[in-house]
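# An overview of the molecular structure
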Amino acid sequence: MRLRILGLDPGLARMGWGIIEMTGTRLSHIAHGVLTTDAKSGLGPRLLVLHDLLSDVIQRLEPHSIAIEQAFVHKDPSAALKLGQARAVALLAAARAGLEIAEYTPNHVKKCVVGVGHAGKEQVQAMIRHLLPMACVESADAADALALAIAHAHLSATRARIEAALA
């Protein structure tokens, strides 16, 4: 059985996305990228652009589930609010498409993918290059999104084995 997972690193200016496919325990890279908005536009139009671009990715690449980064408290309340609004758009697009939605903290993803909860962006990118050598990921936003997808693949597979053992 093949499972496609969309990882999302939300942001209003830059939303990283990456899709992997899990067949058994094998992971393969499908696609990745960064959705961007024009900072000169108003908030409403920027959110609409993110929604439309993300909806297009979902429609074209047909993921089964989405793994999105949970918001963490910023020192800047304005930045936290913008991040929350971008997350809401992503959650709405995923829910509208009927996708399973999973949320993970940044430290949980880093611990799962790199082995260290406070790993730096360079370490995450290096591990993504190691786990998905065909991906050629240059953007930290896309690498973070792929890390979310990989973490979800590992964690959902573990959860499924536990549920099967308990059944």
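In this report, the structure presented in the accompanying data block is examined. (Residues numbered from 1 in each chain as written. Predicted model: local features only at pLDDT ≥ 70, side-chain atom pairs only at ≥ 80, totals over all residues. Heavy atoms only, no water.)

Before going further, it helps to spend a moment on the side chain of His 51. Tracing the chain through its elements places His 51 in helix H1 (residues 43-61). Look past the residues within four positions of His 51 in its chain and what remains in contact with it is Val 89, Leu 92 and Ala 93. (Helix = DSSP H or I, 4+ residues; strand = E, 2+ residues; numbered from the N terminus. Contact = heavy atoms within 4.5 Å.)

In this section: the nonpolar core. By size, the foremost hydrophobic cluster in this structure holds 24 residues, and its most contacted members are Ile 20, Ile 128 and Leu 132. Among the secondary structure elements, those contributing two or more residues to this core are strand E1 (2-9), strand E2 (14-23), strand E5 (100-104), helix H3 (106-113), helix H4 (121-131) and helix H5 (140-166). Sorting elements by how many residues they give to this core places H5 first, with 9 residues. Once residues lying within four places of it in the same chain are set aside, the contact partners of Ile 20 are Leu 3, Arg 4, Ile 5, Leu 27, Ser 28, Ile 30, Leu 132, Leu 146, Ala 149, Ile 150 and Ala 153. By size, the runner-up hydrophobic cluster in this structure holds 22 residues, among which are Ile 19, Leu 54, Val 57 and Ala 94. (Core = buried A, V, L, I, M, F, W, Y, C linked by side-chain atoms within 4.5 Å. Buried < 20%, exposed > 50% of the residue type's maximum accessible area, 1.4 Å probe, protein only.)

Using the criterion set out here, one finds 6 salt bridges in the structure. In this structure, Glu 21 engages Arg 4 in a salt bridge whose closest nitrogen and oxygen atoms are separated by 2.9 Å. Of the two residues, Glu 21 sits in strand E2 while Arg 4 sits in strand E1, which places them 17 residues apart along the sequence. With a closest N to O distance of 2.5 Å, Asp 144 and Lys 121 form a salt bridge. On the criterion of sequence distance, the pair formed by Asp 144 in helix H5 and Lys 121 in helix H4 is long-range, its members being 23 residues apart. For Lys 121, a relative accessible area of 44% gives the class partly exposed. One salt-bridge network, in which partners are shared between bridges, spans Arg 2, Arg 4 and Glu 21. (Salt bridge = Lys/Arg side-chain N within 4 Å of Asp/Glu carboxyl O.)

This brings us to the pairing of E2. With 8 of 10 residues buried, E2 lies mostly within the body of the structure. Note: E1 against E2, 8 bridges, orientation antiparallel. Paired with Arg 2 across the bridge in E2 is Thr 23. Linking E1 back to E2 in an antiparallel pair, the connection comprises 4 residues. Bridge count for E2 against strand E3 (residues 26-36) is 10 bridges, and the pairing is antiparallel. Within the sheet, the bridge partner assigned to Met 22 lies in E3 and is Leu 27. Between E2 and the antiparallel strand that follows it, E3, lie 2 residues; Gly 24 among them carries a positive phi value of about 65°. (Pairing = 2+ DSSP bridges.)

Our focus in this paragraph is H3. Within the sequence span of H3, burial applies to Pro 106, Val 109 and Val 113. Looking straight down H3, one finds its buried side chains confined to an arc of 65°; they lie on one side. Phi turns positive one or two residues past the end of H3, at Gly 115, with a value near 100°. (Arc of directions from axis to C-beta.)

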